[in-house]
Amino acid sequence: MDSLKKLFEPKTIALVGVSKDPNKMSHWLIRNVAEVGFQGSVYPISPSGGEILKYKTYPSLSALPEPVDLVLVSVASKSVKDVIEEASKNKAGTAVILSSGFGEINDEAGKALEKEILRIARETSMRIMGPNCLGIYNAHKNLNGTYFAIKPAFKGNISVVSQSGAYGGVLVNEMNARGIGLGKFASIGNQMDIRHQEVIEYLGDDEETKVIGLFVEGIKDGPQFLSVIKRVSKIKPIVIFKGGRTTVGLRAAASHTGSMAGDFAIAQSAFKQAGALVAHTTEDFFDYLFALALNHHRLPKDDKLAIMTISGGPCVTASDYCEEIGLVVPQLSDTTREKIRKYIPFFAADSNPVDMTVGTPPENLGPCVDVVLADPDISGAISINWGWDVREFAQAFVDAASKHGKPILAFVSENPTVQKIFHENGILNLPAPERASRAYWGLVEYKKIRERKEIEKKFNSMPSKRLDGLITGDTSILDEHLSKEILKDYGIPVCKEVVVNSIAELATKAREIGYPVVLKVLSNNILHKTEKGGVLLNVREESELINGAAELKRRFPDNISFLIQEYVSPGIEIILGAKRDNTFGFGPVIAFGLGGVFTEVLKDVSLRVSPLSWSDALEMIREIKGYPLLRGYRGKPSVDEDMLAEVILRVSELAMLNDRILEMDINPLILNGPDIKAVDALIVLGEAVRTKDPLKKG
Ligand SMILES: Nc1ncnc2c1ncn2[C@@H]1O[C@H](COP(=O)(O)OP(=O)(O)OP(=O)(O)O)[C@@H](O)[C@H]1O
Ligand SMILES: [Mg+2]
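These figures come from a predicted structure and were not determined experimentally.

A. Local environment of the coordination of the magnesium ion (ligand 2). Protein coordination of the magnesium ion (ligand 2) is provided by N667 (O) and D680 (OD), with donor distances spanning 2.1 to 2.2 Å. Note that N667 is positioned in strand β28 (residues 661–672) and D680 in the loop between β29 (675–678) and β30 (681–686), a separation of 13 residues in sequence. Take N667 and D680: they sit in the same class, and that class is buried.

Structure follows, in structure tokens:
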């Protein structure tokens, strides 16, 4: 942590590779350091001598009079190693390598150079940020060690860690335009040494930071990253925006889970599970950050809000949208309605949304807003005003927000006076009614994250003995029956079934199972049996069974076995699967969603990283779009969510205990009210790849 203190709060800075040419980025670096009035010592290194801006230059790092806290390195990549060697002789605390041309261009030489530089730095415990980054910024210590072309105009409590430097520039522009202040900014580039998680920990303990924003491309050591998010998100909000919607993870996969759980979706779900607020667009990213920065001390207690306006149209849009995204705009209580009637004209709407109309005398706006925000059923408000620029309107919301400690966001336009008062008093104004609603949702969501209590449930199973000695090649696919035997060992309910190797035995076995039965071709070479005509459902009698078997023999002339199963009455078909994530090193990722033969079309799945808590499992069930189906529809009974959550946890335990399972699917798991049964399953084995320390990577 001390080393990051030197990074964010250095007392002495050396700059290597600064130019006198004002058009060069390396000149912007020293100009930025100089312009914000950094208080400590600044040592530019320049072999040609003289002064740059107001600073005396030194010929080399070894010529400096003292060890420095921070070295900003802006030389060509080929010279960086020598600079780091000198910095380490100087006993420098940290170095930020802004230069590009390393591992990011995906060439072996660049990666080898990073490794070599890291080795040098480790010898003196110097820490390194970058390479390939935009630098380091701390408004509270007048530090601007970045290539920022435009300076942040305001000092604030939002701190941002961005892998992409350019995204930092976009953020600063937006903050300047919307009058929001930046606290600290770290552009961590290739994360050769300092990774996201370490900076997040630092910012978690930092008094001046109230909200943390992360622009993430890749992460290193996924489990560690998640555990830091989990801890820090209970203290302050972390908003994540993930770049790079790569489809690398979507290689041709044997299982449905394998083909649906791409890297991007896995990362998003894992961040959410750990407690981050996940932004899906740049707008959401900024809006969540800004709303939280201004309202972190007055988060809404629940999802019920008032929409208060003098402009009908936008307020209907806001309230429709609120409902769509899961916020509640409740009817006001009779007492509250009675109270506000005194202040508004007879044609105004006293329900929620409250449309006070421009007919309300300005002096009545204050008392009216106060009454609504005082209502214990209302946790905050969205204020909407198009074109009635009276000071009283603004003051009403400013006063109510601070008096009742409830958040208020606004969509106010064409109102310079109101906008100015809102800005000066920390009421965030958003450029559209939907964006105000969405930002409010962000506040509610963070409140839930903070209060979320994890309930754990474990079954204490052991690794499966059935898998011993099963691997023959790189991957091997287990047939439906063996896959289900393994599920059964872990307490997952499966349908009654029996393997039959000869037509002669069929009739007896089917009678044992009991008609109607299902007859399937059984082979680990035949995936997606339905497409190939390998599944006969609802076989009601012996003659049908024998004819069916003969037909299957014709379709699959190779030596096959049959599987006879009980016919489970039609119900809701669910897919429940697992996939080992090797991209981020998360390990098993569990997928739950609407299943059956249309799984890939519906793509209605939720994902979580193992281990799952009981609460995670319940959330997975409740967040799919098809959830209302599970609650009972058209006279069907609702499913037993607790039992279903338990099956999810058992699958997670199975996947965690057997690290040779690359992918597995139960598709479908048929739900009939409280009845749960797996009728098809598939397990794919292979060698698990583990992520290693970057220094040790081969
Ligand atoms: N025992 C059963 N009882 C009732 N319905 C069943 C049973 N087995 C299969 N089904 C129905 O038949 C469909 C296809 O069966 P199954 O999932 O075994 O074949 P599949 O085509 O190989 O599936 P996948 O595409 O997942 O590989 C299921 O989605 C389900 O609707
Ligand atoms: Mg299936």
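B. Seen up close, a negative patch on the surface. A grouping of D320, E323, E324 and E434 is seen on the molecular surface, where their side chains present a negatively charged patch. Of all the elements, helix α11 (residues 312–324) adds the most residues to the negative patch, at three residues. By the element assignment, E323 lies in helix α11.

C. View of the site of ligand 1. With respect to spatial proximity, 19 residues lie near ligand 1, and among them K520, K529, T530, Q565 and E573 are the closest. Between H256 and ligand 1, the recorded distance is 2.8 Å, taken from a side-chain N or O atom to an oxygen atom. Contact distances for ligand 1 include 3.2 Å between an oxygen atom and a backbone N or O atom of N667. Burial of ligand 1 by the surrounding chains reaches 91%, relative to a free accessible area of 610 Å². Of all the elements in the fold, those that place two or more residues in the shell around ligand 1 are β22 (517–522), β23 (535–539), β24 (561–566) and β28. The element that contributes the greatest number of residues to the shell around ligand 1 is β28, accounting for three residues.

D. Fine view of a nonpolar patch on the surface. A contiguous nonpolar patch, built from V597, F598, V601 and L602 and spanning about 440 Å² of accessible area, is present on the exposed surface. Mapped onto the elements of the fold, L602 is located in helix α20 (residues 599–602). Using a relative accessible area of 43% as the deciding quantity, one classes L602 as partly exposed.

E. Geometry of the packing of aromatic side chains. Evaluation of the coordinates by the stated rule reveals 18 aromatic pairs. A ring pair is formed by F286 and F290, whose centres lie 6.0 Å apart and whose planes are at 5 degrees; its orientation type is stacked. Remark: F290 and F286 occur in helix α10 (residues 282–295); sequence separation between them is four residues, near one turn of the helix. Relative accessible area serves as the criterion here: at 0%, F290 is assigned to the buried category. Geometry around W441 places R438 over its ring, the cationic atom sitting 4.9 Å from the centre.

F. View of the sheet that holds strand β16 (residues 354–355). In space, the five strands of this open sheet follow the order β16-β15-β17-β18-β19, with parallel pairing throughout. Of all strands in the sheet, those with a lone pairing partner are β16 and β19 (428–429), marking the two edges. Sheet topology places strand β17 (residues 381–386) next to strand β18 (residues 408–413); six bridges connect them, and they run parallel. Residue pairing across strands places A381 opposite I408, the latter belonging to β18. Contacting β15 (306–309), β17 and β18, helix α14 (residues 391–404) crosses the sheet at an angle of about 170 degrees to β17. Those strands touched by helix α16 (residues 433–451) are β17 and β18, and its axis lies near 170 degrees from that of β18.

G. Up close: the sheet that holds β24. Taken together, the four strands give an open sheet; going across it, the order is β21-β24-β22-β23, and neighbouring strands pair in antiparallel fashion. Two strands close off the open sheet at either side, each with one partner strand: β21 (497–500) and β23. Ignoring strand direction, the axes of neighbouring strands in this sheet form an average angle of 20 degrees. Both β22 and β23 contribute to a ladder of three bridges, which runs antiparallel. What sits directly across from L519, in β23, is L536. Contacts between helix α18 (residues 503–513) and the sheet are confined to β21, β22 and β24, with β24 contributing the most and set at about 15 degrees to the helix.

H. How the structure looks around α18. Buried residues of α18: L506, A507, A510 and I513, and no others. Buried residues in α18, looked at end-on, bunch into an arc of 130 degrees, giving them a common side. Those residues of α18 that are exposed and angled more than 90 degrees off the buried face are A504, R511 and E512. Phi for G514, located one or two positions after α18, is positive at around 100 degrees.

I. Expanded view of the domain arrangement of the protein. For the protein, the domain assignment lists domain 1 (2–244), domain 2 (294–451), domain 3 (455–494 + 571–698) and domain 4 (496–567). Between domain 2 and domain 4, the C-alpha centre-to-centre distance is 64 Å.

How each quantity is defined
Residues numbered from 1 in each chain as written. Chains lettered and ligands numbered in written order. Predicted model: local features only at pLDDT ≥ 70, side-chain atom pairs only at ≥ 80, totals over all residues. Heavy atoms only, no water. Donors = N, O, S within 2.8 Å, 3.2 Å for Na, K, Ca; no water. Helix = DSSP H or I, 4+ residues; strand = E, 2+ residues; numbered from the N terminus. Buried < 20%, exposed > 50% of the residue type's maximum accessible area, 1.4 Å probe, protein only. Patch = residues over 30% accessible without salt bridge, like charges linked within 9 Å, V, L, I, M, F, W, Y side chains within 5 Å. Areas by Shrake-Rupley, 256 points an atom, 1.4 Å probe, with all protein chains shown as cover. Salt bridge = Lys/Arg side-chain N within 4 Å of Asp/Glu carboxyl O. Lys, Arg positive; Asp, Glu negative; His and termini not counted. Charge placed at Lys NZ, Arg CZ, Asp CG, Glu CD. Near = heavy atom within 4 Å. Polar contact = N/O pair within 3.5 Å; in protein donor to acceptor, adjacent residues only side chain to side chain. Phe/Tyr/Trp six-rings, centres within 6.5 Å; stacked < 30°, edge-to-face > 60°. Lys NZ or Arg CZ within 6 Å of the ring centre and 35° of its normal. Pairing = 2+ DSSP bridges. Contact = heavy atoms within 4.5 Å. Axes fitted to C-alpha atoms, helices over the stretch in contact; angles between N-to-C directions. Arc of directions from axis to C-beta. Domains from an automatic or database assignment.

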